[in-house]
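Coordinate analysis (summary)
Chain residues, written in single-letter form:
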Amino acid sequence: MTETETIKLSDYATAKGFCLTSAFWMMVATFMGLLGATELIAPDMTENIGGLIFGRVRPLHVNMVLFGFVTPGLLAATFYFFPRVLRTALYSEKLGVFTVLLWNIMLISAVATLLSGHSQGREYAELIWPVDLLVVAAFALVVFNFAMTVTRRTEPLIYVSIWYACAAAVLTMLTYCLGNVIWRPDGGALTGIPDAILLWFYGHNIFGLLLTPLSIGVAYYVVPKAVKAPLYSHTLSLLGFWALIVVYTHIGTHHLLQVPVPTWLKVVAITDSIAMVIPVMAFLINIWYTAKGRLGAIHADIGAKFVFTGTIMYFFVSIQGSMMALPQVQRVTHFNNWVVGHAHIGVLGFSGMIALGGLYYVLPRITGRPLFSRFLADFQYWMILIGVVGFTVVLTTVGLIQGNAWLNGETVYRVLPEIHLYYVIRAGLGLLIFSSALFGFYNIVRTIFTPAGEAK
Amino acid sequence: MRMTPAVIFAGSVLILAAVVTIVVVLPFYHTNQTKPSEIFRSRTAAEKAGRRIYINNGCVYCHSQSIRTLDWGIGAERIAQAGDYVADRPILLGSQRTGPDLSQEGGEHPDDWHMAHFVNPRYTSPLSIMPAFEFLGKKKLENLTAYVQSLGFRAADKRVKRQEKWKQRAIAAYEQGPVKNVQWIHDHLPAPWRKLPNPYPTSDAGLARGHKVYQDFCMGCHGPIGDGMGPAQPYLYPPPLNFTILKDRGVSGGILYYQIMNGITGTAMPYFKKHLESEKIWEVGNYVAEYFINQSDADTDDGGIDAAYEP
């Protein structure tokens, strides 16, 4: 850490904008999740309201979580630490604010197109071509702002958080174009088995090249700052960074182990899924050894508490993910709610927690005042922690019921009543997460917009 | 290692390019020459329009089109092959089975069953948690039905033809009145099944279990009192059988069992042999016999060795 706390380098308009974006869209995203979960227990609740059928609500939930809540949340913290660790002003706050604006236009278009029944029908690549262009443009602006800031740095050494942020932005911009087959505006897909291979290459990289590196970048910034200790190992930083880019990009085909794709490609995917232990543990050992003996400091800062919890979730979701890539495990877990549970540990427990942690860590430093309510943030922490652990238990249980029942010859239809109760509990937990988003939005808005007269 | 901007940006992009070559480009050239499988045919305009509706409404989030070697349900007779997907843009393998796999759905049911099912899935399938699609309107539902009936391509065409052939005969029989209709159904059963009484004794517990099965599988068409006036009835032709007029028409336990097991192709009556095991079929049959037909032949045959559980 080489920044100087006393030098105020920026007004952080971009970071604030992404804070508000994330807090607002977290409400939308979690509401859509709650709505979808409720429709699974009461399918006629929204009968014949076309825009709200499950098949349109689910992709909206997923896209809003990925691009509305988590990514902007992580970008908020990133746009805060970027100029600080590079000891320069952000290349252009105006461009940053414009990016925030464009980002929100993109999100509104995504809501409008998905709910009105316009979809490319490919998971994580549902958004139609005009919206794709907005996504790519937004990422291009982020890349440009990042790159220009890096070149104007006055700090000669580039800290590991910057590596991850730059790589996440540029690689996601590229894989988004590739995965959405952006050169074919009429449908955005290849044909047949090659489409499945490309889709899951891209789909897995939304986690591997966007959420994970951004989250790791934020954790690498927040944890050493919070515990006031230097990073444990530069070598582990290097190993984790390069291993992540090499290994994570190989594993998408583990979604297709039961599909007729080339066997050698399955072998590559399974092998690298196991090898994910390397980048995961390199990062975790580094961050946990940095915090070793200093957990009191983590506990004292609500932002750091969210972030550190996120790193623990990262451990669980990654070990589980490596295990789930084994064909014998997939016989039971494929096609059912086990995978949905896995997704919630990853995106809510790991990157969502770190996104919120980043927000709560940087907000007081951006505004120069403490959070509006530390209690509310702490309350939200527990709601999300209970929610995500609950999701894990319930959805894993449902997955095991479904998977084993199917293997035992029970039809999908017949298993539905067996999982109904768990779906009710899941919707209850969804209500918990949605409520926490409301608290978070209120807290963040009150923190940023203080009553007139209070000095900045 | 000194991490400069060039190392970070160029390094990560070069790695990505190398990985894309290995896991996207090479597999592309390995798989893009896949030959169509023996069941493949191209889709009609209506089927293509239906596929678009399927995509836009997110059917893929609950229905896979990817039969695996370990599957038991609908379509499990044929493991998916790469050559089945050569015209699929995008491919719709799916990642969840909240509903059944649809790879081979074409011809499993006649069109009118699909219409009732799309208007509200609980009309035909009371346990279903699928959304109602009546809001799409008739034209779109017809296209969607055309697409679903094409799943399985030539294999589906064969099944659809079979549905159409038997539908004509079932309608002809129905239009001759209830007596001839029942006679027609009985005539198409293997003789040993016609004569076979329900071998198990009637019991309160068994009737309660039969009642549960009836509610979960039968009530949407045959109605809560077995008169064939369930909510799906207005959409189905020939309409669901009215059990309450079948007394003294020779409906044996064996006939009930056989029809529940195999369904009546051409009508909306599906086969339930994948959903229900033997005991459940006997018990729902006896429930229908006792409560709706008001005549059961359960345990009337005293031949054979008594089963160990008989009272």
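Reading the values: rules and limits
- Residues numbered from 1 in each chain as written.
- Chains lettered and ligands numbered in written order.
- Predicted model: local features only at pLDDT ≥ 70, side-chain atom pairs only at ≥ 80, totals over all residues.
- Heavy atoms only, no water.
- Helix = DSSP H or I, 4+ residues; strand = E, 2+ residues; numbered from the N terminus.
- Rg over C-alpha atoms; globule rule 2.2 N^0.38 Å.
- Buried < 20%, exposed > 50% of the residue type's maximum accessible area, 1.4 Å probe, protein only.
- Contact = heavy atoms within 4.5 Å.
- Areas by Shrake-Rupley, 256 points an atom, 1.4 Å probe, with all protein chains shown as cover.
- Lys, Arg positive; Asp, Glu negative; His and termini not counted.
- Charge placed at Lys NZ, Arg CZ, Asp CG, Glu CD.
- Axes fitted to C-alpha atoms, helices over the stretch in contact; angles between N-to-C directions.
- Parallel < 35°, antiparallel > 145°, perpendicular 65-115°, else oblique.
- Left-handed = near helix turned anticlockwise from the far one by under 90°.
- Nonpolar A, V, L, I, M, F, W, Y, C, P; charged D, E, K, R; others polar.
- Domains from an automatic or database assignment.
- Buried area = accessible area lost by both parts, 1.4 Å probe.
- Salt bridge = Lys/Arg side-chain N within 4 Å of Asp/Glu carboxyl O.
- Polar contact = N/O pair within 3.5 Å; in protein donor to acceptor, adjacent residues only side chain to side chain.
- Patch = residues over 30% accessible without salt bridge, like charges linked within 9 Å, V, L, I, M, F, W, Y side chains within 5 Å.
- 1 Å grid on protein atoms, 1.4 Å probe; cavity = no way out; pocket = protein on both sides within 12 Å on 5 of 7 lines; lining within 4 Å.
- Points joined across faces, edges and corners; volume = space filled by probe spheres on them.
- Disulfide = S-S within 2.5 Å.

What follows deals with the overall build of chain B. Counting its regular elements, chain B contains twelve helices and zero strands. Secondary structure elements of chain B, listed N to C terminal, follow the sequence α-α-α-α-α-α-α-α-α-α-α-α. Taking 2.2 N^0.38 as the reference for a compact globule, 311 residues should give roughly 19 Å; the C-alpha atoms of chain B span a radius of gyration of 25 Å, well beyond that estimate. Across its three principal axes, chain B shows a C-alpha extent of roughly 90 × 45 × 35 Å. Relative to its full complement of 311 residues, chain B shows a buried share of 55%. When contacts within chain B are restricted to residue pairs at least 6 apart in sequence, those whose partners lie at least 24 apart make up 71%. Per element, the accessible surface of chain B, about 14,200 Å² overall, is 58% carbon and sulfur. Distance between charge centroids for chain B: 13 Å, based on 33 positive and 31 negative side chains.

Turning next to the overall build of chain A. Per the secondary structure count, chain A includes 15 helices and zero strands. Its C-alpha atoms give chain A a radius of gyration of 21 Å, within 12% of the compact-globule value 23 Å for 456 residues. Counting only C-alpha atoms, chain A reaches 65 × 50 × 50 Å along its principal axes. For chain A, with 456 residues in total, the buried portion stands at 68%. Contacts spanning at least 24 positions in sequence make up 84% of the contacts within chain A whose residues lie at least 6 apart. Element-wise, carbon and sulfur atoms account for 72% of the exposed surface of chain A, whose accessible area totals about 14,600 Å². Of the side-chain charges in chain A, 25 are positive and 19 negative, and the distance between the mean point of each set is 10 Å.

We now examine the packing of helix 9 (residues 277-291) of chain A against helix 11 (residues 302-324) of chain A. All names here are of chain A. At a closest axis distance of 10 Å, the pairing of helix 9 and helix 11 adopts a crossing angle of 155 degrees. Between helix 9 and helix 11, the angle is such that the two are roughly antiparallel. Relative to helix 11, helix 9 is oriented so that their crossing is left-handed. Note on element contacts: helix 11 touches helix 9 through F308, T311, I312, Y314, F315, S318 and S322, opposite V277, V280, M281, F283, L284, I287, W288 and A291. Tallied by class, residues from the contact of helix 9 with helix 11 come to twelve nonpolar, three polar and no charged.

Attention shifts here to the domain arrangement of chain B. Residue and element names in this part refer to chain B. Under the domain assignment, chain B is made up of domain 1 (45-158) and domain 2 (176-293). Between the C-alpha centres of domain 1 and domain 2 the distance comes to 27 Å. Residue-level contacts link 17 residues of domain 1 with 16 residues of domain 2. Together, the buried faces of domain 1 and domain 2 total about 1,300 Å²; carbon and sulfur atoms form 60% of this surface. Looking only at domain 1, the three residues that lose the most surface to domain 2 are D112, Y123 and P126, adding up to 37% of its buried area. Across the domain 1-domain 2 interface, the total number found is zero salt bridges. Taken together, the links from domain 1 to domain 2 amount to four residue pairs in polar contact (both at pLDDT 80 or more). Residue contributions to the side of domain 1 that touches domain 2 peak at four residues, all from helix 3 (residues 111-119). Of the residues that constitute the side of domain 1 that touches domain 2, the class distribution is nine nonpolar, three polar and five charged.

Before going further, it helps to spend a moment on the interface of chain A and chain B. Facing the 87 residues of chain A at the interface are 76 residues of chain B. Carbon and sulfur atoms supply 68% of the area buried between chain A and chain B, which totals about 7,000 Å² over both sides. Linking chain A with chain B are three salt bridges, by the criterion used here. Here R122(B) ties to D44(A) by a salt bridge, and the two come within 2.7 Å at their closest N and O atoms. The interface formed by chain A and chain B includes 25 residue pairs in polar contact (both at pLDDT 80 or more). The biggest single contributor to the side of chain A that touches chain B is helix 6 (residues 193-227) of chain A, with nine residues. Residue composition of the side of chain A that touches chain B, by class: 49 nonpolar, 24 polar and 14 charged.

With that settled, the discussion passes to the environment of S64(B). Residues and elements named next belong to chain B. In this fold, S64 is placed in the loop between helix 2 (45-56) and helix 3. C-alpha separation for the pair S64 and D299, spaced 235 residues apart in sequence, amounts to 43 Å. A distance of 2.7 Å separates the side chain of S64 from the side chain of D101, its partner in a polar contact.

Residue and element names in this part refer to chain B. A cluster of basic residues, K158, R162, K165 and R169, forms a positive patch on the protein surface. In this structure, R162 sits in helix 6 (residues 153-175). On the basis of relative accessible area, R162 is assigned to the partly exposed category, the value being 42%.

A separate point is the side chain of N337(A). Looking at where N337(A) falls in the secondary structure, it is placed in helix 13 (residues 337-367). Under the relative-accessibility criterion, N337(A) is labelled buried at 2%. Here the side chain of N337(A) touches Q402(A) through a polar contact of 2.9 Å, side chain to side chain. Apart from residues lying up to four places away in sequence, N337(A) is in contact with L395(A), V398(A), G399(A), Q402(A), Y423(A), R426(A) and Q96(B).

Attention now moves to the layout of surface pockets. Residue and element names in this part refer to chain B. When its volume is computed, the largest pocket comes out at roughly 800 Å³. Forming the boundary of the largest pocket are 31 residues, of which R162, Q163, N262, T265 and Y271 lie nearest the centre. Elements with a minimum of two residues in the lining of the largest pocket: helix 6, helix 7 (178-187) and helix 11 (253-262). The dominant element in the lining of the largest pocket, judged by the number of residues it contributes, is helix 6, at six residues. Tallied by class, residues from the lining of the largest pocket come to twelve nonpolar, eleven polar and eight charged. Residues from two domains meet in the lining of the largest pocket; each of domain 1 (45-158) and domain 2 (176-293) gives at least three.

This paragraph deals with the side chain of D216(B). Its location among the elements puts D216(B) in helix 9 (residues 204-217). On the accessibility criterion, D216(B) (13% relative accessible area) is buried.

The next point concerns the environment of E105(B). All names here are of chain B. As for its placement among the helices and strands, E105 is situated in the loop between helix 2 and helix 3. Separated by 132 residues in sequence, E105 and Y237 place their C-alpha atoms 20 Å apart. In contact with E105, not counting residues within four places along its chain, are I74, H114, V148, Q149, L151 and R159.

Here a disulfide denotes a covalent bond joining the sulfur atom of one cysteine to the sulfur atom of another. Summed over the entire model, instances satisfying the criterion amount to zero disulfides over all chains. In this model C19(A) remains outside any disulfide bridge; the closest cysteine sulfur is found in C166(A), 20 Å from its own. Sulfur of C62(B): no disulfide; nearest cysteine sulfur belongs to C59(B) and is 8.6 Å away. Judged by its relative accessible area of 14%, C62(B) is buried.

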